[in-house]
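The lines below spell out each chain.
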Amino acid sequence: MKLPQPRYTVTDIAHKYTILHPNGETIGPLKSVTGILGIIAKPALISWASREAANYFKTAILRIGSTALDPAMLDQITKDAAGAHRRKAKDAADLGSKCHEIFEAIIQGKEPEQVPPELAEPMLDFKRWRLSSDIEIIATEPAVASVKHRYGGRIDAIGHSASRGGWGIVDFKTSKSLLFGNEYSYQVGGYAHAAAEMYGIDFTWAEVVRFGKVAPFDSESRPVTDLPAAVAGFLSALDLMRSG
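Just so we're clear, the structure is a prediction, and the values are computed from it rather than from any experiment.

Participant: Let's hear about helix α6 (residues 183-199): which residues, and what values?
Facilitator: The terminal C-alpha atoms of α6 lie 24 Å apart, and with 17 residues this matches the ideal 24 Å at 1.5 Å per residue to within 8%. Within α6, 13 of the 17 residues are buried, which leaves the element mostly enclosed by the surrounding structure.

Structural data, given as structure tokens:
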């Protein structure tokens, strides 16, 4: 099973996408799918950031002792607390990127002989998922873009599944949960719409698969139940971003 030849190619430089037509015409740079979805409010993330700041502040006070504090030290702790969620998010993103690299290597038959301990369990979970699924991974990390709507993105994997109706999008997550409202569905909806335009084929399904990267290393696979609605949701977010 192979994808058709794309109608155009897409380059990705620092998450800015450019379309290159066969006649040499270029369109771009274009905003990314994930960047566009930043317009959607994320109350759960706001609460998480507040908790991280409070936890950092509490830990720092307990470590130093309130009697040893002076105004300058308190100011520094306050500044560090304000950035605690960004540091933790970066650490999580770095580990997530390493997981994605391992997953891609396994798909390509290039599984590394030595795996860092922190990646061992996510890697085993990924292998178990592959054995339990009938999805045939056809392409990994393809950059796609829409000429009509002027956006781009990089897909974790394009797959084919007879039981699901043909071509589809697979998105790997390494978050603690999939509790982000419809954002993940909108994300794969944006990918599916761009890929359909670029390859000239129908994408009939999408699936978000989460692999835990910290104990208890749980995992879950969640199909997008209404892909056309997910596409419409993404395009609405795109319109909202451009109207602002």
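Participant: Describe the pattern of salt bridges, with residues and values.
Facilitator: This model, assessed by the stated rule, comprises eight salt bridges. Taking the shortest distance from any N to any O, the salt bridge between E111 and K127 comes out at 2.7 Å. Placement of E111 in the loop between α4 (84-107) and α5 (117-132) and of K127 in helix α5 is noted, with a sequence separation of 16 residues between them. A residue is classified by how much of its surface remains accessible, and K127, at 27% relative accessible area, is partly exposed.

Participant: Report on the sheet that holds strand β6 (residues 151-154), specifying residues and quantitative values.
Facilitator: Pairing is mixed in the open sheet, where five strands are placed in the order β1-β2-β3-β6-β5. In this open sheet, the two strands that pair with only one neighbour each are β1 (9-13) and β5 (143-146). When the angles between neighbouring strand axes are averaged without regard to direction, this sheet yields 35°. Taken together, the three bridges between strand β2 (residues 16-20) and strand β3 (residues 26-32) define a ladder with antiparallel strand orientation. Counterpart to I19 in the pairing with β3 is I27. Contacting β1, β5 and β6, α6 runs over the sheet at an angle of about 85° to β5.

Participant: Tell me about the nonpolar core, and please be specific about residues and values.
Facilitator: By size, the foremost hydrophobic cluster in this structure holds 42 residues, and its most contacted members are L3, V10, I19, I158, I169, Y199 and F203. Excluding anything up to four places from it in sequence, F203 contacts I158, W167, G168, I169, A192, A195, A196 and L227. C99, L119, I135 and I137 belong to the second-largest nonpolar core, a separate cluster that totals 17 residues.

Participant: Go over the environment of H193, please, and point to the residues and values.
Facilitator: Its place among the elements puts H193 in helix α6. Spatially, the C-alpha atom of H193 lies 8.7 Å from that of A145, the residues being 48 residues apart in sequence. The contact partners of H193, leaving out residues within four places of it in the chain, are H149, Y151, V231 and L235. At 3.5 Å, the side chain of H193 forms a polar contact with the side chain of H149.

Participant: Mind laying out helix α7 (residues 227-243), listing which residues take part and the relevant values?
Facilitator: Over its 17 residues, α7 runs 24 Å from end to end, which matches the ideal 24 Å to within 8%, given 1.5 Å per residue. Within α7 the residues assigned to the buried category are L227, A230, V231, G233, F234, L235, A237, L238 and M241. At its buried positions, α7 is contacted by β3, α1 (33-36), β6, α6 and β9 (205-211). Capping the start of α7, D226 holds a side-chain oxygen 3.1 Å from the backbone nitrogen of A229, two or three residues further along.

Participant: Summarise the sheet that holds strand β7 (residues 157-161); cite the residues concerned and give the values.
Facilitator: Taken in spatial order, the five strands line up as β4-β7-β8-β9-β10 in an open sheet, and their pairing is mixed. Two strands bound the open sheet, and with one partner strand each, they are β4 (136-140) and β10 (219-223). Neighbour-to-neighbour, the strand axes of the sheet open up by a mean angle of 25°, direction not taken into account. In the sheet, β9 pairs with β10 via five bridges, with the strands oriented antiparallel. Among the inter-strand pairings, V208 is bridged to a residue of β10, identified as R222. Packing against the sheet, α5 makes contact with β4, β8 (166-173), β9 and β10, and its axis sits at approximately 145° to β9.

The rules behind each value
- Residues numbered from 1 in each chain as written.
- Predicted model: local features only at pLDDT ≥ 70, side-chain atom pairs only at ≥ 80, totals over all residues.
- Heavy atoms only, no water.
- Helix = DSSP H or I, 4+ residues; strand = E, 2+ residues; numbered from the N terminus.
- Expected span 1.5 Å × (residues − 1).
- Buried < 20%, exposed > 50% of the residue type's maximum accessible area, 1.4 Å probe, protein only.
- Salt bridge = Lys/Arg side-chain N within 4 Å of Asp/Glu carboxyl O.
- Pairing = 2+ DSSP bridges.
- Axes fitted to C-alpha atoms, helices over the stretch in contact; angles between N-to-C directions.
- Contact = heavy atoms within 4.5 Å.
- Core = buried A, V, L, I, M, F, W, Y, C linked by side-chain atoms within 4.5 Å.
- Polar contact = N/O pair within 3.5 Å; in protein donor to acceptor, adjacent residues only side chain to side chain.

In short, the description is geometric, and any link to function would need to be established separately.
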